[in-house]
Structures are given as C-alpha cells and as structure tokens.
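Here's the letter readout for the chains.
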Amino acid sequence: MIGTERYCGFVSVNPNKSSKSQSDVIYSEGLYFSVKLWLLLLGFALIFYITIWAALGNLPAMVATVLLIFIFVVFNFKTSTIRISDKNLKVGFANIEITHLGEIQPIADFSKFQRAEVVLDPAAYLHTKFWIKPAVKINLSDPKDPTPFWLFSTRDPVKLTAAILKAKE
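Residues numbered from 1 in each chain as written. Predicted model: local features only at pLDDT ≥ 70, side-chain atom pairs only at ≥ 80, totals over all residues. Heavy atoms only, no water.

**Student:** What should I look at first to understand the pairing of strand β4 (residues 81-85) in this one?
**Tutor:** The side chains of a regular strand alternate, residue by residue, between the two faces of the sheet. Two strands pair when backbone bridges link them, and strand β3 (residues 25-30) and β4 are joined in this way by 5 bridges, in the antiparallel orientation. Counted as the bridge partner of Y27 is I84 from β4. Examined bridge by bridge, β4 and strand β5 (residues 88-91) share 3 bridges and lie antiparallel to one another. If you follow I82 over to β5, its bridge partner there is V91. Between β4 and β5, which follow one another and run antiparallel, lie 2 residues. (Pairing = 2+ DSSP bridges. Helix = DSSP H or I, 4+ residues; strand = E, 2+ residues; numbered from the N terminus.)

Below is the structure:
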C-alpha cells in the first residue's frame, strides 16, 4: 500500500494520489478491537479456563482456552474495514460508488447521537462497533437504492469525511 501508515487502529492515508485507477486507496481503516476490549476478553478467557479446569482438568482447559483465544483473534481480524478509493466506498461487505454519496455528517460520539431516525428507518445500512464511539452518517443520492443512508463507526470521522470529499473531486 502506498502512503503513510499509522498503526493505531490501522489508518492509512495516501496523500500522493498520482493516477486515477480503481485500485488507488485514498483511505483505509481497520476497525480492530481496542486494548480495553482485549483485556476484557483475556479476563473472560481466564475465567473460562478456570471453569473448564475445575470440571475436566488441565489439558481440556488449555485446549478450550487456546481455541477461544484463537476465535477472538480471528474475529478481530475478520471485523470490518473501511476503504475509500477513487470510485468506491467499501464498509464491511457493502460497496457503493462515490458518485452516489450525498451529505456527510461526522459524529464525534455515536452513543450520544440521537438514534431516533436510525430506529425509525430500518432500510438504513448500519455498521457500528460498540468499542468505537465516533461514526459517520452518509446520505445516499442513488434513486435506484432504497437505502436512505449509511451509518458506520470510524476512529477518525473528520479524516474519513475529508477523504470522501477528496475522492468526489
């Protein structure tokens, strides 16, 4: 990947966009677990180990705990990514052309965001992660798409908004 990379939640920005191709990634972000969530999951794994150990012994407890931690790691890296290229915005498994994006609203803290319109509109695409508080709401302007807006978590909504506006140029 071309550009500078900052591995705090894996944010990568390509400021030297030279060619207009489909594979040019302007912005990329992985929505990985936070340190607090990892500590909570490891505490859960310890409790899980003690529970299995008390009932079945040492070897089954070790096997079950290693399997549980493996599941945590796989789930962490299979959780969604956000990618913005010259032509597309990809959030998780959803993909949309940049030309269909309308108004963009960065949300500093999704837990304090008024969710009434989200609850009232089940056609919206939601991709929020409970361990990431900031989010972005993007209204769609595609007449063929019944989805009114996308609402998804991001660690840096201002930088993501700037990348989308840059891709729309």
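**Student:** Just to check I follow, could you spell out the nonpolar core for this structure?
**Tutor:** Among soluble globular proteins, nonpolar side chains are generally buried collectively. Core analysis: the largest hydrophobic core is formed by 29 residues, its most contacted members being I84, L89, I138 and F152. Element by element, the count of residues in this core is highest for helix α4 (residues 157-168), at 4 residues. Leave out the neighbours within four places in its chain, and I84 touches D24, V25, I26, Y27, L89, I98, L160, A163, I164 and A167. With 6 residues, the next largest nonpolar core counts F110, A124, A135 and L151 among its residues. (Core = buried A, V, L, I, M, F, W, Y, C linked by side-chain atoms within 4.5 Å. Buried < 20%, exposed > 50% of the residue type's maximum accessible area, 1.4 Å probe, protein only. Contact = heavy atoms within 4.5 Å.)

**Student:** Help me understand the packing of aromatic side chains in this model?
**Tutor:** Each aromatic ring pair is characterised by the separation of its centres together with the angle its planes make. One pass over the full model with this rule turns up 7 aromatic pairs. Between the aromatic rings of F33 and W131, the centroid separation amounts to 4.9 Å while the plane-to-plane angle is 90°, which identifies the pairing as edge-to-face. Of this pair, F33 sits in the loop between β3 and α1 (35-56) while W131 sits in the loop between β8 (125-127) and β9 (135-140); the two residues are 98 residues apart in sequence, bridging distant segments of the chain. An identical accessibility class is assigned to F33 and W131; each is buried. Three or more aromatic residues joined by ring pairs make a cluster, and in this case those are F33, W38, F75, F130 and W131. (Phe/Tyr/Trp six-rings, centres within 6.5 Å; stacked < 30°, edge-to-face > 60°.)

**Student:** Help me understand helix α2 (residues 58-78) in this model?
**Tutor:** In this model α2 runs 30 Å from its N-terminal to its C-terminal C-alpha over 21 residues, within 8% of the 30 Å that 1.5 Å per residue would give. Along α2, the residues classified as buried are A61, T65, L68, F72 and N76. Burial along α2 is one-sided: seen end-on, the buried residues are contained in an arc of 75°. With respect to the buried face of α2, the exposed residues turned more than 90 degrees away are L59, V63, V66, L67, F70, F77 and K78. For α2, the secondary structure elements touched by its buried residues are α1. (Expected span 1.5 Å × (residues − 1). Arc of directions from axis to C-beta.)

**Student:** I tried to follow the environment of W38 on my own but got confused; where do I start?
**Tutor:** Structurally, W38 can be placed in helix α1. The sequence separation of W38 and V73 amounts to 35 residues, and the corresponding C-alpha distance is 9.5 Å. Apart from the residues lying within four places of it in its own chain, the contact partners of W38 are F33, F72, V73 and N76.

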